[in-house]
Amino acid sequence: MCGIVCVSGSIDAALILLRGLKQLEYRGYDSAGIAVHEPDGAIRRARAAGKVAALEAAISTPFCGTSGIAHTRWATHGAPTEANAHPHRAGRVCLVHNGIIENFSPLRKELLAEGRSFSSETDTEVVAHLLDRELDLVSDPKVALLNVLSRLEGAFALAAIIEGEPDLVLGARRGAPLVAASGKGAGFLASDIMAITGEATSVIYLEEGDSVLVRPSGIEVYGLDGLPVVRHAVPAPASMAQAEKGNHRHFMQKEIYEQPEVVGRTLAAYLDAASGCIRARDGVDFRAITRLLIVGCGTASYAGQIAEYWFEALSGLPVKVDIASEFRYRNPAFLKGDAALFISQSGETADTLEALRLCKAAGVTTIALVNSPHSAMAREADIVAPTLAGPEIGVASTKAFTCQLAALAALAVLAGHQRGCLDSEAQSGHVANLLAIPSLMGAALKIDQEVDALATELANASIVLYLGRNAFFPLALEGALKLKEISYIHAEGYAAGELKHGPIALIEEDVAVVVIAPHDALFAKTRSSIQEVRARGARVIAITDNAGAAELEGEVSAILKLPDVQGMAAPIVAATAVQLLAYYVAVHKGTDVDQPRNLAKSVTVE
Ligand code: M6R
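Rules used throughout
- Residues numbered from 1 in each chain as written.
- Predicted model: local features only at pLDDT ≥ 70, side-chain atom pairs only at ≥ 80, totals over all residues.
- Heavy atoms only, no water.
- Helix = DSSP H or I, 4+ residues; strand = E, 2+ residues; numbered from the N terminus.
- Contact = heavy atoms within 4.5 Å.
- Areas by Shrake-Rupley, 256 points an atom, 1.4 Å probe, with all protein chains shown as cover.
- Lys, Arg positive; Asp, Glu negative; His and termini not counted.
- Charge placed at Lys NZ, Arg CZ, Asp CG, Glu CD.
- Pairing = 2+ DSSP bridges.
- Axes fitted to C-alpha atoms, helices over the stretch in contact; angles between N-to-C directions.
- Salt bridge = Lys/Arg side-chain N within 4 Å of Asp/Glu carboxyl O.
- Buried < 20%, exposed > 50% of the residue type's maximum accessible area, 1.4 Å probe, protein only.
- Parallel < 35°, antiparallel > 145°, perpendicular 65-115°, else oblique.
- Left-handed = near helix turned anticlockwise from the far one by under 90°.
- Nonpolar A, V, L, I, M, F, W, Y, C, P; charged D, E, K, R; others polar.

### Re the overall build of the chain
Along the backbone of the chain there are 19 helices and 26 strands. By principal-axis analysis of the C-alpha atoms, the chain measures approximately 75 × 50 × 45 Å. Of all intrachain contacts in the chain linking residues separated by at least 6 positions in sequence, the fraction that spans at least 24 positions is 70%. As presented, the chain carries roughly 21,700 Å² of accessible surface, and 52% of it is formed by carbon and sulfur atoms. Between the centroid of the 52 positive side chains of the chain and the centroid of its 69 negative side chains there is a distance of 1 Å.

### Overview of the sheet that holds strand β24 (residues 511-516)
Pairing is parallel in the open sheet, where five strands are placed in the order β23-β22-β24-β25-β26. On the outer flanks of this sheet lie β23 (490-495) and β26 (558-561), each paired with one strand and no other. Neighbour to neighbour, the strand axes of the sheet diverge by 20° on average, direction disregarded. Along the sheet, helix α16 (residues 472-487) makes contact with β22 (463-468), β23 and β24, crossing β23 at roughly 175°. Packing against the sheet, helix α19 (residues 569-589) makes contact with β22, β24, β25 (539-544) and β26, and its axis sits at approximately 160° to β24.

### Concerning the pattern of salt bridges
Tallied over the entire structure, the rule returns 34 salt bridges. Salt-bridge contacts for R151 lead to E110; the nearest nitrogen and oxygen are separated by 2.8 Å. Pair noted here: R151 is in the loop between α5 (141-149) and β7 (154-162) and E110 is in helix α3 (residues 104-113), with a separation of 41 residues, a long-range link. Taking the relative accessible area as the measure of exposure, R151 reaches 33% and is therefore partly exposed. E110 gets classed as partly exposed once you look at its relative accessible area, which sits at 27%. Here D136 and R116 are joined by a salt bridge, their closest N and O atoms 3.9 Å apart. Here D136, found in helix α4 (residues 124-137), pairs with R116, found in the loop between α3 and α4; they are 20 residues apart in sequence, far enough to count as distant. Judged by relative accessible area, R116 falls into the buried class, the value being 17%. What you see here is one network of salt bridges that share partners, running through R173, E208, E348, E354, R357 and E380.

### Side note on the packing of α4 against α5
When two helices pack together, their arrangement is captured by the angle between the axes and the distance separating the axes. Direction vectors running N to C along α4 and α5 enclose 135°, while the axes themselves pass 9 Å from each other. With respect to α5, the element α4 is oriented oblique. Classified by chirality, the crossing of α5 by α4 is right-handed. Residues V127, L130, L131, E134 and L135 of α4 form the contact with α5, whose participating residues are P141, A144, L145, N147 and V148. Grouping the amino acids of the contact of α4 with α5 by side-chain chemistry returns eight nonpolar, one polar and one charged.

If you want it as structure tokens, here you go:
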């Protein structure tokens, strides 16, 4: 949450900062701001409520300095106003921050008592004042920064510039991501390398607890103890092609359509098509595991819930799925032989990362199923299981979700084989089933125009309920989450069998019910649920296959027909339908599909 980008030593700092902010908007878009050292030695600042476009509109005279900092905000402390927008200024210091300073209240009181005054409601401004005060006491900016950091509690990343130090950008990473980079004679800091791709040629993925001094001449890194440390630079990614919308209207639409390709790429990392086997993963031995804990947030946790059905059915391995924010605070009891799998697109989600650390501290083997190879989770877990979705820009997760499912399905087969529940023939049967997913997804996407037409009407529903059974129950939860987060329609997912235990009371005429009803062993049960809601006046949309469509014809208001799909491939393919439905409803409602209100892509605060 919140995006930071900083540069030192570029011919046109503001151009790079504003361009970088646009790449970081996925992290928050409540307000944006920039501060640049001007040639006269002063720091000039511009801020605006709203997106980066509003900031650009607010800049009347172009900036002309070579160093500066910039920020796009997801509001935590204080409303999304210009006054609360970063950078915050105190004396000589301008500072940007991502995360939360948990002890900001006593610090603010302390500073107020010393006669300092505040112009925002943010926790960030406290840090700017602390640094300015420290610079009055010690002349060395590095020492001043380290002294300030020792006073702060919470999880954050920050960056600052100081009047009189025109080439210097200070930074620190304490629980939120930050990279340092260099290229074209300049130095950079950013929340995500994507902000400076094309400018940076080499990048240092800073470690937890690092502080950094960036100058055009080089990057100095200090560890938690304040001593210099060597962090190796790696080549920075050269292209941002995947971060462009191409011919699509929204990133979400592009990402939905990328799924056959990226799911195929992810599967290729796990499946050996020639031998019909799942590739063994270094360090993963499901024979040695007696229980698998799966932890994630939002969509990632729903991927985990789907995988629970698969692991238990294919391998007999007991699985417990938890939401990270609950898991980490409920003193979980561990069993001998527990392993914990953390699912995250970003690999930076604060609650999931802390849950991982909690498990590590308890001696539990940790596996990170992540899409960002340089993320904190990827670095800290014992074992990394990658998804290869590429950068996901739309706040609503789509391709990351199906890539997570593809990888989880492969791991479930591996577990089944390693634990002696699946012989080689059964294993290769599952591998063949999974290998068919990309082309089945491509075929499923052909319902696009039907979904578009259906969405016009669904956009008027007051409530939309999603129902499913077995692995389609968590998919119902995911469908409801997708719809509510981008269309703002109240949507809930339920296990179809649970409906009569309460939710059915919601049914009336302007309630729509989306039922995910493949023609599988539970079809007859799901069909009964359809009858129950229909009898009470709901408009029912069935997501089904050919056989299901033939039986449901005339019984539901609309059918979205997917190709016939068996086994674990079925919920992965059906995911495309719930994604398209949410997408088109949001388009018809005219909401901001890629950057829905109040949300951010990377949730690095609690
Ligand atoms: O980066 P992560 O996968 O850890 O993110 C977890 C959730 O914040 C994320 O899936 C969120 O629920 C999405 N907005 C859902 O579309």
